[in-house]
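# Chain and residue survey
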Amino acid sequence: MLKVHSLEKIIDGIIGKKTVKEEVSYRLSQFVISYETEKECLVMSTFTGRILWLDGAEKEAFLSLKTKGMKGDQLAASGLGKLAEWHMAVPEDYNDCQTYLNVLSIMQGLQKKTTGINEYMILPTLGCNAGCTYCYEEEMRKHVMSVKVADETINFIRRTMTNAPIKIIWYGGEPLTATGTISHICEELSKENIIFSSELVTNGALMNRELAHVVKSEWHVKSVQISADGAREDYEKRKQFHNPQLHNYDSLFHAIHCMLDEGMEVVIRCNYDHENIDRIPMFLRDLHREFPNSKNLTIYFSMLFQTRKSMDGAKLFKKTCELTRIAKDMNLIHDGEEANNRFRTHYCMADCEDKIIIDPDGKLFHCTNLPKEQCVGTINDLTYSSISLPDARTPDEECRKCPYLPKCTPYYRNLCPDHELCCRSIKEIEFIEKLKKIVKNNKEWRQTNEARKL
Ligand code: SF4
Ligand code: SF4
């Protein structure tokens with residue numbers, strides 16, 4: 001048995017080691033997933049993050065535990081006693097979900113309580129220079145933040161912010177159609193010595209060198225998320241820019257150049273559905289040709305809202321695993337292998353007291369995707385202490401049985417309009433892919449780490 005990834009000390013401290021009891025019947029924990037090759041098997045707990053590598057007789061014993069269960073003495077004799085010590089094999093009547101929820105609640109309690117909001121997502125406008133064929137904000141296009149609401153927003157930030165530096169995310173609509181409002185808010189915050197950094201979510205079409213400089217130096221933007229729709233023909237058909245002569249596939253590349261040259265990080269969110277996915281490799285090739293070695297440029301793939309609601313979403317998601325491989329080979333994805341392996345207390349912005357969204361009318365929300373009825377107040381009447389989170393923390397029956405609950409959020413099924421119909425199948429593809437990658441990348445490591453045998 002080789003240990004590929006151990007768990008965080010703090011989780012170890014809370015759950016402690018279990019003693020294997022000879023007479024007790026054990027089964028695999030609900031939160032253990034595995035990927036088997038001919039000779040070996042990689043085993044991961046989505047709860048603790050622990051990853052183990054089993055081979056030979058251990059692999060056979062593991063498969064037996066997985067299918068039939070085992071008595072404690074058999075478990076110890078087959079070399080899998082550690083699985084019971086580490087909550088990966090558990091007594092038949094053990095409540096995995098409740099244990100996880102208890103740990104989650106302890107971890108949430110332990111997290112330093114902030115005394116204010118540290119992240120504001122501001123929508124200076126819902127207006128846009130494009131007419132994306134899939135846009136759900138179509139009916140709200142008229143809303144632009146007035147100077148009065150911008151000033152009240154500044155007051156709201158002053159009143160509710162934490163003592164530490166704050167983060168602002170500029171979102172829309174297309175925020176670059178409201179540069180005056182953004183500059184006004186940033187200027188006032190700077191005048192008052194409020195330390196902030198920003199992120200910008202944009203389609204990029206209105207970006208130029210001069211604006212990129214302002215965005216970096218005055219709005220303090222460190223990272224820009226830019227939305228794209230794949231290859232040229234898909235991009236131009238879907239974006240439906242009001243001025244296609246000026247704003248098109250080429251202006252997207254120009255925008256990326258401007259932002260990278262200013263030293264900002266650029267993250268491309270490539271939207272996909274059944275229609276455009278097969279041409280996305282062409283887009284990746286164009287990006288690679290234009291930005292062959294940029295460490296500050298990265299891409300991820302996001303399923304369009306409408307497709308998330310279809311039953312074959314998982315099939316489509318599977319195709320993005322291949323796209324991710326291509327993008328990695330082209331240096332367009334640089335994340336670490338185990339980036340998503342830490343225990344996290346929140347997977348949903350709507351579940352965070354220290355984050356809030358301000359729309360152009362000064363109404364407050366916990367997530368841009370939540371319907372208007374989920375408005376939690378306005379910038380003039382809400383204080384930090386009166387913020388309440390949507391009551392959606394109790395996992396429903398499906399989530400209580402799901403192996404991926406520790407890597408997900410009960411909010412997803414309980415409240416999120418964006419939730420995929422086949423969420424569990426999608427998570428399974430994502431995590432098995434992760435395990436496959438570890439097997440591939442660790443073949444060599446394994447041969448030279450026999451000393452770490454447990
Ligand atoms: S999971 Fe849903 S509700 Fe939560 S932040 Fe994401 S989109 Fe919003
Ligand atoms: S939302 Fe879906 S993937 Fe997440 S825990 Fe619930 S069933 Fe599992």
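Read on for an overview of the structure. All values derive from a computational prediction rather than experimental measurement.

## Examining the site of ligand 2
Taken together, the neighbourhood of ligand 2 is formed by Glu-398, Cys-399, Cys-402, Tyr-404, Leu-405, Cys-408, Tyr-412, Arg-413, Cys-423, Arg-424 and Lys-427. Elements represented by at least two residues in the shell around ligand 2 include exactly helix 14 (397-400), helix 15 (410-414) and helix 16 (423-447). Looking at the shell around ligand 2 element by element, the count peaks at three residues for helix 16. Grouping the amino acids of the shell around ligand 2 by side-chain chemistry returns seven nonpolar, no polar and four charged.

## Focus: the sheet that holds strand 11 (residues 221-228)
Pairing in this open sheet of nine strands is mixed, and the strands run 13-12-11-10-9-8-14-15-16 from one edge to the other. Two strands in the sheet have a free side with no partner beyond their single neighbour: strand 13 (297-303) and strand 16 (377-378). Note: strand 9 (residues 166-170) against strand 10 (residues 196-202), five bridges, orientation parallel. Bridging from a neighbouring strand, Trp-170 pairs with Leu-200 of strand 10. Along the sheet, helix 13 (residues 313-329) contacts strand 12 (265-272) and strand 13; its crossing angle with strand 13, the most-contacted strand, is approximately 170 degrees.

## What about the site of ligand 1?
Near ligand 1 the following residues occur: Cys-348, Met-349, Ala-350, Cys-367, Asn-369, Leu-370, Thr-409, Tyr-411, Tyr-412, Leu-415, Cys-416 and Asp-418. Tallied by class, residues from the shell around ligand 1 come to nine nonpolar, two polar and one charged.

## Comments concerning helix 5 (residues 96-110)
In this model helix 5 runs 21 Å from its N-terminal to its C-terminal C-alpha over 15 residues, within 8% of the 21 Å that 1.5 Å per residue would give. Every buried residue of helix 5 is accounted for by Asp-96, Tyr-100 and Val-103. All buried residues of helix 5 lie within an arc of 65 degrees about the axis, which places them on one face of the element. Residues of helix 5 that are exposed and point over 90 degrees away from its buried face: Gln-98, Ser-105 and Gly-109.

## Notes on the environment of Leu-297
Along the chain, Leu-297 turns up in strand 13. Here Leu-297 falls in the buried class, since 22 other C-beta atoms lie within 10 Å of it. Taking the C-alpha atoms as reference points, Leu-297 and Asn-331, separated by 34 residues in sequence, lie 8.8 Å from one another. With residues near it in sequence (within four places) discarded, Leu-297 still touches Ile-256, Leu-260, Val-266, Phe-291 and Leu-332.

## Observations regarding the nonpolar core
Counting residues in each nonpolar core, the largest one holds 113 residues, and the members touching the most others are Val-43, Ala-89, Tyr-120 and Met-259. A domain-level breakdown of this core finds at least three residues from each of domain 1 (2-109 + 431-452) and domain 2 (119-335). Discounting residues that sit within four places of it in the chain, Tyr-120 has contacts with Ile-157, Ile-166, Ile-168, Ile-356 and Ile-358.

## A short note on unusual backbone geometry
In this structure, the amide linkage connecting Gly-172 to the following residue, Gly-173, adopts the cis form with an omega of 15 degrees. Here Gly-173 lies in the loop between strand 9 and helix 7 (179-191). Positioned with a positive phi, His-220 is a non-glycine residue whose angle comes to about 60 degrees. Residue position: His-220 is located in the loop between helix 8 (209-217) and strand 11. Located in the positive-phi region is Asn-331, a residue other than glycine, with phi close to 70 degrees. Within the fold, Asn-331 resides in the loop between helix 13 and strand 14 (355-358). Overall, Asn-331 belongs to the partly exposed group, with 16 C-beta atoms counted inside 10 Å.

## Structural notes on helix 10 (residues 249-261)
Two residues of an α-helix separated by three or four positions point the same way, owing to the 3.6 residues in each turn. In a regular helix each residue adds 1.5 Å, so 13 residues correspond to 18 Å; helix 10 covers 19 Å between its end C-alpha atoms and thus fits that length. The complete set of buried residues in helix 10 reads Ser-251, Leu-252, Ala-255, Ile-256, Cys-258 and Met-259. Projected onto a plane normal to the axis of helix 10, the buried residues spread over an arc of 160 degrees and lie on a single side. Across helix 10 from its buried face, at more than 90 degrees, point the exposed residues Asp-250 and Asp-261. On its buried side, helix 10 packs onto helix 8, strand 11, helix 9 (232-239), strand 12 and strand 13. Gly-263 sits one or two residues past helix 10 and shows a positive phi near 85 degrees.

## A closer look at the pairing of strand 11
Within a regular strand, side chains alternate between the sheet's two faces. Judged from the five bridges that link them, strand 10 and strand 11 form a sheet pairing that is parallel. Along strand 11, the bridge assignment pairs Leu-200 with Val-224. In this fold, strand 10 hands off to helix 8, which returns the chain to strand 11; that crossover is right-handed. Note that strand 11 and strand 12 share six bridges and pair parallel. Opposite Val-224, over in strand 12, you have Val-266 as the bridge partner.

Calculation notes
Residues numbered from 1 in each chain as written. Chains lettered and ligands numbered in written order. Predicted model: local features only at pLDDT ≥ 70, side-chain atom pairs only at ≥ 80, totals over all residues. Near = placed C-beta within 6 Å. Helix = DSSP H or I, 4+ residues; strand = E, 2+ residues; numbered from the N terminus. Nonpolar A, V, L, I, M, F, W, Y, C, P; charged D, E, K, R; others polar. Pairing = 2+ DSSP bridges. Contact = placed C-beta atoms within 7 Å. Axes fitted to C-alpha atoms, helices over the stretch in contact; angles between N-to-C directions. Expected span 1.5 Å × (residues − 1). Buried ≥ 20, exposed ≤ 12 C-beta atoms within 10 Å, placed from the backbone. Arc of directions from axis to C-beta. Core = buried A, V, L, I, M, F, W, Y, C linked by C-beta atoms within 7 Å. Domains from an automatic or database assignment. Right-handed = clockwise from strand over helix to strand, strands pointing away.

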